[in-house]
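Architecture and fold: a report
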Amino acid sequence: MTKLKGADGLPLNSILAGDCIEVMNSLPEGSVDLIFADPPYNLQLKGELHRPDNSKVDACDDHWDQFNSFAAYDRFTQDWLKAARRLLKPDGAIWVIGSYHNIFRVGSALQNEGYWILNDVVWRKSNPMPNFRGKRFTNAHETMIWASKSEGAKYTFNYEALKALNEGIQMRSDWVLPICNGGERIKDANGDKAHPTQKPHSLLHRVLVGSTNPGDVVLDPFFGTGTTGAVAKMLGRDFVGIEREAAYREVAEKRIADIRPFDSSALQVSQSKRAAPRVPFGTLVERGMLRPGEELWSMNGRHKAKVRADGTLIGDDIKGSIHQVGAHLENAPSCNGWTYWCFKREGKVVPIDILRQQIRAEME
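This write-up is about the structure you can find in this document. Given the structure is predicted, the values throughout are model-derived calculations rather than measurements.

Close approach of charged atoms lets side chains of opposite charge pair. Applying the stated criterion to the full structure yields 12 salt bridges. For E294, the salt bridge goes to R345, with nearest N and O atoms at 2.4 Å. Of this pair, E294 sits in the loop between α8 (281–286) and β11 (295–298) while R345 is found in strand β15 (residues 341–345), placing the two residues 51 residues apart along the sequence. Residue classification places E294 among the buried positions, given a relative accessible area of 9%. The salt bridge partner of R356 is D353, with a shortest N-O separation of 2.7 Å. Note that R356 and D353 are positioned in helix α11 (residues 353–363) at a spacing of three residues, about one turn of the helix. Summarising the burial analysis for this pair, R356 and D353 share the class buried.

Next up, the structure:
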């Protein structure tokens, strides 16, 4: 796989072999925008699990998921979280996914290491594996913790993009997505699962669209078969994966090599109006898009005012900004002048915000 060096010497778009703690401690400090971590769950499985027809369940019983005690798991968690936090930029963030076996211990360790928890997100599986023993509830969800590097730190949150993904409704903290199965599930040469806990593409897509921007660096210290890297490449993000198991690295490298990134125009996502470039109303006057002396009309048609050369408006008994004049005329505490005022062209009423959007398009 092609390895590119970032400005700080970070080996971009590569899968690094070795223990995640040792590898992370060898990487440049403050070089990563986001970390997505799917650590061992420490499932504490006792014996084999069988279905009602006595067929064996292919559960996660690999050596990398086994720890001698809770204390040993806690030490491991503390060490990798400390190493991960060193790598994050000041405005970086981390996502950690887990089950009831480990996520509460991870949450406590996150806070002890200085991270600031932003949300816990429940991934509710639309097609969970049944509870074959019938002695407990079906485990139909996993929990993700999203945290910034420290309290008060800035972090990326593409609110409007997630809202657009959710048909214009604010994205909630419970995500209903299917588990990885069917054609998405990667198989080995024997036709078995290449990895017992492969995460679905849809989960990483939502995480990366919501909390990164194109060109950001995403680190996954438990890379597995490379879902994080595959989605990052597709979405125009750089990635660094760490994986100690050679078999998983081989699968991940082949998988990611076959991924084509989206073109740059497809990577743009919806932004909040606050995030868009600021355009003073006077710019419209300076550029001749509106002329001094030209009349503006309120959207309700009840009021009008004239444009002045300095980008202010004057009405019958008021002068000031587009916002001040609109608020005064409506006897309101405030007014968004961009959505309140319009002008007339060829008999048609046109919102002044159309002109602002034209300028923003040029700026971007």
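Read on for the rest.
Turning our attention to the sheet that holds strand β3 (residues 14–17). Here we have eight strands laid out as an open sheet, ordered β3-β10-β9-β4-β5-β7-β6-β8, and mixed in their pairing. Looking along the sheet, the strands with just one partner apiece sit at the ends: β3 and β8 (174–177). Along the sheet, successive strands turn relative to each other by an average axial angle of 20 degrees, direction set aside. In terms of strand pairing, strand β4 (residues 32–37) meets strand β5 (residues 88–98) through five bridges, oriented parallel. Looking at β5, one finds that V32 is bridged to L88. Sitting on the sheet, helix α2 (residues 70–87) touches β4, β5 and β9 (217–220), and the angle it makes with β5 is about 145 degrees. Helix-sheet contacts for helix α5 (residues 201–211) involve β4, β5, β6 (116–125), β7 (141–148), β8 and β9, and the interaxial angle to β8 is about 140 degrees.

Looking now at the packing of aromatic side chains. The description of two aromatic rings rests on the distance between their centres and on the angle between their planes. One pass over the full model with this rule turns up 11 aromatic pairs. Arranged with centres 6.0 Å apart and planes meeting at 65 degrees, the rings of F281 and W338 form a pair that is edge-to-face. Of this pair, F281 sits in helix α8 while W338 sits in helix α10 (residues 337–340), and the two are 57 residues apart along the sequence. Of the two residues, F281 and W338, both sit in the buried class. Here the aromatic cluster, defined as three or more aromatic residues joined through ring pairs, consists of W95, W146, Y155, F157, Y159 and W175.

Rules behind the numbers
Residues numbered from 1 in each chain as written. Predicted model: local features only at pLDDT ≥ 70, side-chain atom pairs only at ≥ 80, totals over all residues. Heavy atoms only, no water. Salt bridge = Lys/Arg side-chain N within 4 Å of Asp/Glu carboxyl O. Helix = DSSP H or I, 4+ residues; strand = E, 2+ residues; numbered from the N terminus. Buried < 20%, exposed > 50% of the residue type's maximum accessible area, 1.4 Å probe, protein only. Pairing = 2+ DSSP bridges. Axes fitted to C-alpha atoms, helices over the stretch in contact; angles between N-to-C directions. Contact = heavy atoms within 4.5 Å. Phe/Tyr/Trp six-rings, centres within 6.5 Å; stacked < 30°, edge-to-face > 60°.

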